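# Observations on the model geometry
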Amino acid sequence: MSKAMLSGNEAIARGFYEAGGKFAAAYPGTPSTEILENISNYEEITAQWAPNEKVALEVAAGAALGGVRSIAAMKHVGLNVAADPFFSLSYQGVNAGIIIVSADDPSMHSSQNEQDNRWFARAAKVAMLEPSDSQEAKDFVMLGLKLSEDFDTPVLLRTTTRVNHSKSIVNLRPRVEIAPKKYVKNMAKNVLLPMNARKKHVLVEERLIRLAEYGYDCAFNRIEWGDNSLGIICSGISYQYAKEIFPNASFLKLGLTNPLPFKLITQFSGRVEKLYVIEELDPFLEEQISARGIKVQGKEKLPMMGEYNPDVIASAFAIGSKPQQGRNIAVNIPSRPPVLCPGCSHRGIFYVMKKLRLTVTGDIGCYTLAAIPPLEMMDTCLCMGASVGYAHGIEKATGDELKGKLIGVIGDSTFLHSGITGLIDLVYNQAVTKICILDNHITAMTGHQEHPGTGLTLRREATNKVDLAEICHAAGVRRVVRVDPYNLDETIAVFKNELAVDEPSVIIADAPCIIRARKRFSEPYYVDANTCIKCGMCHRVGCPAIEKDENGKTRINPLFCIGCDICRQVCKPGAIRKPDK
Amino acid sequence: MDTTRQKSQKDVWNILLCGVGGQGVLVASDILIDVAMQTGFDVKKSEIHGMAQRGGSVVSQVRFGQKIYSPIIHQGEADVILSFEKIEALRYLDILKNDGIIIYNDQQITPLSVYFTDISYPENVKELYEQRSAHLVQLDAIAIAEEIGNPKVINSVMLGALSNYLDFDPQIWLDVITKRVPPKTTEINKIAFYAGRKE
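Residues numbered from 1 in each chain as written. Chains lettered and ligands numbered in written order. Predicted model: local features only at pLDDT ≥ 70, side-chain atom pairs only at ≥ 80, totals over all residues. Heavy atoms only, no water.

What follows covers the sheet that holds strand β11 (residues 249-254) of chain A. All names here are of chain A. Read across the sheet, four strands follow the order β9-β11-β10-β13 without closing on themselves; strand pairing throughout is mixed. Looking along the sheet, the strands with just one partner apiece sit at the ends: β9 (222-224) and β13 (274-278). Each strand axis lies, on average, 20° off the axis of its neighbour in the sheet, ignoring direction. Of the strand pairs in this sheet, β9 and β11 are connected by three bridges, and their pairing is antiparallel. Bridge pairing in β11 links E224 to F251. Contacts between helix α12 (residues 262-270) and the sheet are confined to β9, β10 (227-235), β11 and β13, with β11 contributing the most and set at about 175° to the helix. (Pairing = 2+ DSSP bridges. Helix = DSSP H or I, 4+ residues; strand = E, 2+ residues; numbered from the N terminus. Axes fitted to C-alpha atoms, helices over the stretch in contact; angles between N-to-C directions. Contact = heavy atoms within 4.5 Å.)

Next comes the structure, spelled out in structure tokens:
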């Protein structure tokens, strides 16, 4: 047995490998993305990107039905997309085991909300496991697949960013091969017609009762007896923080958190004088425990929002044993938020839209960064694919008011994820709103994952390729125009032209992600200081390579500049120069 | 030295590494945790990544000792802040112990926000740090790395500077660096590590 420092995501992948897993699917989404990337390193496993989470879950559930242990991984909002198969899979059950990973993001480090997906497990009445570190992440995947098979249930593995992205020591074991189960046609189980589903619902309720009994004495839940004056119930990462702050307390550490093991909880609460429930986000455990008439303290002291850490818990319970000796000094520090990279293909498009004073419904991707200064060129960002429906809906509400000034902006991967149906709707319902697909040939924001439009698989092997323009044509859009987003004059002309027409139009800004392509257009540009009039136009494109010198004149940082030429095109006096060679 | 005795008696070590995306902060923290694990400690590290590829602040928290629960450092308990950029450590001074060590690379990477907010890049950074700790190590890691022949090895230079304050066997450092860096750059990274260790 060897050991390694693994992130939670690496550990989930490892656990799936060791448990004989054979099929894995996902759509990338922070903080879950590395699960599939790591699984793809194990050649025994078929691992593939799906166009969205719903499809990922359906294919993984099909593989489990077909007889092999399967996994589908997604970020928390991805489970919203996959909710349809998720809920009904609960009724259907499994053949070989299946794990669905929901990677939640308290504090919204990289998300549009901080929903607590533990409610999904309760609502869908499936077993849920919550690991608190990488070793547990691995163990829970392995034990969870068995649990899935033993109880005929999908298993939700609910993690949070701090578990997915923290590293800790994990014991490694060899893979155990599991013989595939035979696929057998079984209408009563697998065809959810009302007559079958009614019978299945009875079994779902019985399953919950059996799982709650199982939770009394299982590998996922444990009591750590300490001082009996204080008992703490927690799950997931909160356990690690609470152990730091209350080293002497008694702990009921729950790994199986749906359904809750009330026999165990009652036993524990009966033997401690005071009971705390420490859990991030919603009072998921607390409300259920309180509803049983057990007196607990939790959210009356602890926040409902944001990540916890040891300091949050210490201050909530006014623990003074750790003197706060840290302090900041009084100085304003300029913020350093993530920005569109130097040379990013999105920059020119947003500059043009700003120049044309458009109303822009946005979407999820790197380009969402265009919402922040200096570009500030995005009116909305709701969820994957919403740019299209939002633009369409605003058009229907405002009539001619925004005519020729309204556009939805969506990335290539996001368009394939859930923009297509919106576009079909737009055409079908005779809207004329324009859509711009920022096609940078990759899922960039999450760290460069392939998708059905790139022509490469998860393992970067050649495969069939979707043609975005053909999809638009097939949806009924007659006007599909490609532009080079690095050519501002051309882009402005195309935008003006397309915005003026009285029918739907899709503009595809066609240029690869500069980081992915490792491309340099030229040697770094330079500024002729005598010509620079400090007008600041170049700063308005928001490129990290563009700085000011001591005299307030523009200076280009040669470490960052890749010669994309956007700043030269906006420099009216012509101070920004391309090097000769 | 009696600092070594102090080191071995400590229960938990807390190190915060920070810098700017693309500087190699995360690779450096991966090397550090591997060295700590090989030395026999329980280790946890935590970081947040996932937004855009470069240019943003990057922070990685490393904790090691006999038994580690939280992957996040308590306020006021960091033994060392290792800052790959001149001002990045300023953001995390509340995490530093009162007698904690600040090691910083004297390289300025100007954030874009200074051009459209009224907050400018701080001056007299050294004096600002001195308000907070007497244990200050300032090094010009870029100049050191360039002198060695590759500006990309600044993370090995920074780890070398950090290694002076941790009771790890230099051979383990070198073994892990060898394992982690591209094979062609093994020698230059080892040289960089020792150059940082001299600082």
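Back to the text.
Listed as interface residues are 57 residues of chain B and, on the opposing side, 60 residues of chain A. Between chain B and chain A, the buried area comes to about 5300 Å², and carbon and sulfur atoms account for 60% of it. Counting across the chain B and chain A interface gives four salt bridges. Of the charged contacts in the structure, one is a salt bridge between E85 of chain B and R336 of chain A, with a shortest N-O distance of 3.2 Å. The interface formed by chain B and chain A holds 17 residue pairs in polar contact (both at pLDDT 80 or more) in total. Elements represented by at least two residues in the side of chain B that touches chain A include exactly α2 (25-39), β2 (42-47), β3 (57-65) and β5 (96-105) of chain B. The element that contributes the greatest number of residues to the side of chain B that touches chain A is β2 of chain B, accounting for six residues. (Buried area = accessible area lost by both parts, 1.4 Å probe. Salt bridge = Lys/Arg side-chain N within 4 Å of Asp/Glu carboxyl O. Polar contact = N/O pair within 3.5 Å; in protein donor to acceptor, adjacent residues only side chain to side chain.)

F350, M353, V409, L423, I437 and F495 of chain A are the most contacted members of the largest nonpolar core, which has 75 residues in total. Each of domain 3 (346-517) and domain 4 (526-577) of chain A accounts for three or more of the residues forming this core. In contact with M353 of chain A, not counting residues within four places along its chain, are L358, V360, M377, I407, V409 and F495 of chain A. Listed in part, the 46 residues of the second largest apolar core include V25, V157, I177 and A195 of chain B. (Core = buried A, V, L, I, M, F, W, Y, C linked by side-chain atoms within 4.5 Å. Buried < 20%, exposed > 50% of the residue type's maximum accessible area, 1.4 Å probe, protein only. Domains from an automatic or database assignment.)

Right, let's get into helix α5 (residues 154-163) of chain B. Residues separated by three or four positions in an α-helix point in the same direction, a consequence of the helix having 3.6 residues per turn. Of all 10 residues making up α5 of chain B, 10 are buried, and the element is well covered by its neighbours. Where α5 of chain B is concerned, the buried positions are I154, N155, S156, V157, M158, L159, G160, A161, L162 and S163 of chain B.

Residue and element names in this part refer to chain A. When its volume is computed, the second largest pocket comes out at roughly 660 Å³. I364, G365, T368, M384 and M445 are, among the 41 residues lining the second largest pocket, the residues nearest its centre. Ranked by residue count, the leading element in the lining of the second largest pocket is helix α17 (residues 412-428), at five residues. Within the lining of the second largest pocket, the residues separate by chemical class into 19 nonpolar, 19 polar and three charged. No fewer than three residues from each of domain 1 (2-217) and domain 3 (346-517) sit in the lining of the second largest pocket. (1 Å grid on protein atoms, 1.4 Å probe; cavity = no way out; pocket = protein on both sides within 12 Å on 5 of 7 lines; lining within 4 Å. Points joined across faces, edges and corners; volume = space filled by probe spheres on them. Nonpolar A, V, L, I, M, F, W, Y, C, P; charged D, E, K, R; others polar.)

All names here are of chain A. Turning to its location among the elements, A73 is positioned in strand β4 (residues 70-75). What makes A73 buried here is its relative accessible area of 1%. C-alpha of A73 to C-alpha of G29: the two residues are 44 residues apart in sequence and 8.9 Å apart in space. Ignoring anything within four residues of it in the chain, the contact list for A73 reads A25, A26, Y27, I35, L36 and V101.

Scope: geometric values only; no functional claims are made or implied.
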